[in-house]
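For reference, the chains in residue letters:
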Amino acid sequence: MTREYCPKCKTIKNLKVSTTKTTTKDKKGKIKEAVINSYHCEECNSFIKSDEDKVSLDNW
């Protein structure tokens, strides 16, 4: 479990993670997939951070 400082609670808290996957095309027509992880405080539900992983996929 991830733990980080929550500015609202003013202490270290457990974080809950939600994951979203999106697919888009770039200017060259290649398909790009992104996985976005959003982290929120488990206690007060305040947004803490997010990170994104991008992957290029071949066109079929």
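Quick look at the structure, then. (Residues numbered from 1 in each chain as written. Predicted model: local features only at pLDDT ≥ 70, side-chain atom pairs only at ≥ 80, totals over all residues. Heavy atoms only, no water.)

### Some thoughts on the packing of aromatic side chains
Inclusion rule: Ring pairs shown here join Phe, Tyr and Trp side chains whose ring centres sit within 6.5 Å, with only the six-membered ring taken for Trp; geometry is labelled stacked below 30 degrees between planes, edge-to-face above 60, and tilted in between. As a reminder, the over-ring test applies to NZ of lysine and CZ of arginine, requiring each to be within 6 Å of the ring centre and within 35 degrees of the ring normal.
Taken as a whole, this structure holds zero aromatic pairs when the rule is applied. The positively charged end of K49 is found above the aromatic ring belonging to Y39, 5.0 Å away from the centroid.

### Quick word on the pairing of strand β1 (residues 3–6)
To be explicit about the condition: A pair of strands is treated as paired once DSSP finds two or more bridges between them. Secondary structure elements are defined from DSSP: runs of H or I of at least 4 residues count as helices, runs of E of at least 2 residues count as strands, and each element is numbered from the N terminus.
Inspection of the sheet shows β1 paired to strand β2 (residues 11–25) by four bridges, in the antiparallel sense. Within β2, the residue paired with R3 across the bridge is N14. Two successive antiparallel strands, β1 and β2, enclose a turn made up of four residues, where K10 displays a positive phi of approximately 60 degrees.

### Details of the environment of S50
Selection criterion: Only protein chains enter the area calculation, which uses a 1.4 Å probe; residues under 20% of their type maximum are buried, those over 50% are exposed, and those in between are partly exposed.
The residue S50 is located in strand β4 (residues 47–57) in this model. Residue classification places S50 among the partly exposed positions, given a relative accessible area of 42%. Note: C-alpha distance between S50 and I36 (14 residues apart in sequence) is 6.9 Å.

### Some words on unusual backbone geometry
Of note, K10 is a non-glycine position whose phi angle comes to about 60 degrees, a positive value. The backbone of N45 shows a phi angle near 70 degrees, a positive value even though the residue is not glycine. Classification of N45 by relative accessible area gives partly exposed; the value is 44%.

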